[in-house]
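Chain and residue survey
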Amino acid sequence: MLQGVSRYDAYIFDVQGTLMDFYTPVTRAVAEALGTYADPATVGDLVRAWRSDYYERILRLDQSVEKWYRVQDSYVDGLGDVCEQFGIDLPEDVRIETARAWQRLEAWPDVRPGLKELRSQAVVSTLSNTDMATMIRLFREQQLEADAILTAELFGAFKPERFLYERTCRYLGVDPSRAAMVASHPYDLRAAREVGLNTVFVYRPLENGRLEDAVDDTEGEFDHRIEDLRDMP
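Here the residue numbering is sequential within each chain, running from 1 through the sequence in written order. Per-residue local features are limited, in this predicted model, to residues with pLDDT of at least 70; the limit for side-chain atom pairs, both in listing and counting, is 80 or more; totals at the level of whole chains, interfaces and linings are taken over all residues. Side-chain calculation: all heavy atoms of the structure are included, whereas hydrogens and water are not.

Basically, it comes down to this: UniProt positions are given in the numbering used here, feature names are shortened, and annotations may be inferred rather than shown by experiment.
Per an unreviewed UniProt entry, the protein chain is named 2-haloacid dehalogenase, and its organism is Rhodococcus rhodochrous J3. In its Sequence similarities (unreviewed entry) section, the UniProt entry covering the protein chain states "Belongs to the HAD-like hydrolase superfamily. S-2-haloalkanoic acid dehalogenase family."

Pasting the structure below:
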């Protein structure tokens, strides 16, 4: 548990996977869409493929504040492509409803108490690729504390564009050397490190539903590694 004064003045959090479990609610929605007799292994593989499609899809997008393609729309489109790969036919209305699961993520057990304790000592902010409306809804429904909710939509570009990290620090009024990016994804931390932020890797072994797909900082690449937000440096 954090005690006394925190190491950094501001902590900037990734959300999907880092603060919130996406696999459980999304898997539940996919299983419901496919029907009672859906093979659990197929459901899991489809969800992981859907997540990978999202990463690849947003990297190809030419975004701007004025012309923003919502992440939620990318999930709907991506599900269509992934279902085609799996030989599954889902009507458009079912795909739209199933994709809403990405707006109903569930905070990991350590997140609510961890953010509350951390916020008593430092500025707490998000920096997520998720849509603003989704983020606000998630933080309200999950009763999570933060001083600022920032997303890619406000910047007109997705992480890992470097200027998102720089501008987040500017908005928070903190020098990058006095801030830490907190994420369970190495690409996010590497981009933040390039502009001078400190890095905290959060190990989420079941982010993708099974241990063999877990990502870990086994080489000590980042400044800190934790498994519980209540152990934040």
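Concerning the pattern of salt bridges
Once their charged atoms are close, side chains differing in charge can pair, the charge on each being opposite to the other. Filter applied, for reference: By definition here, a salt bridge exists when the distance from a side-chain nitrogen of Lys or Arg to a carboxyl oxygen of Asp or Glu is within 4 Å. Summary of the burial criterion: residues with accessible area below 20% of their type's maximum are buried, those above 50% are exposed, and those between are partly exposed, where the area comes from a 1.4 Å probe applied to protein chains only.
Under the defined criterion, the tally for this structure stands at 24 salt bridges. Ionic pairing is found between Asp-213 and Arg-210, a salt bridge with its closest N-O pair at 2.3 Å. Since its relative accessible area comes to 25%, Asp-213 is described here as partly exposed. When its relative accessible area of 30% is taken as the criterion, Arg-210 is described as partly exposed. Among the salt bridges present, the one from Asp-216 reaches Arg-225, with a minimum N-O distance of 2.8 Å. Using a relative accessible area of 29% as the deciding quantity, one classes Asp-216 as partly exposed. Under the relative-accessibility criterion, Arg-225 is labelled partly exposed at 35%. Taken together, the shared-partner salt bridges in this structure form one network comprising Asp-45, Arg-48, Arg-210, Glu-212 and Asp-213.

Thoughts on the layout of surface pockets
Rules: Cavities and pockets are found on a 1 Å grid laid over the protein atoms alone: a cavity is a set of points where a 1.4 Å probe fits but cannot escape, a pocket is an open set with protein on both sides within 12 Å along at least five of seven lines, and a lining residue has an atom within 4 Å of such a point. Grid points are joined across faces, edges and corners, and a volume is the space filled by probe spheres set on the points. Think of it this way: any DSSP run of H or I at least four residues long counts as a helix, any run of E at least two long counts as a strand, and we number them from the N terminus.
One number sums up the size of the largest pocket: a volume of about 210 Å³. Forming the boundary of the largest pocket are 14 residues, of which Tyr-55, His-185, Glu-207, Asn-208 and Val-215 lie nearest the centre. Taken together, the elements giving at least two residues each to the lining of the largest pocket come down to helix 2 (40-60) and helix 9 (186-194). Of all the elements, helix 2 adds the most residues to the lining of the largest pocket, at four residues.

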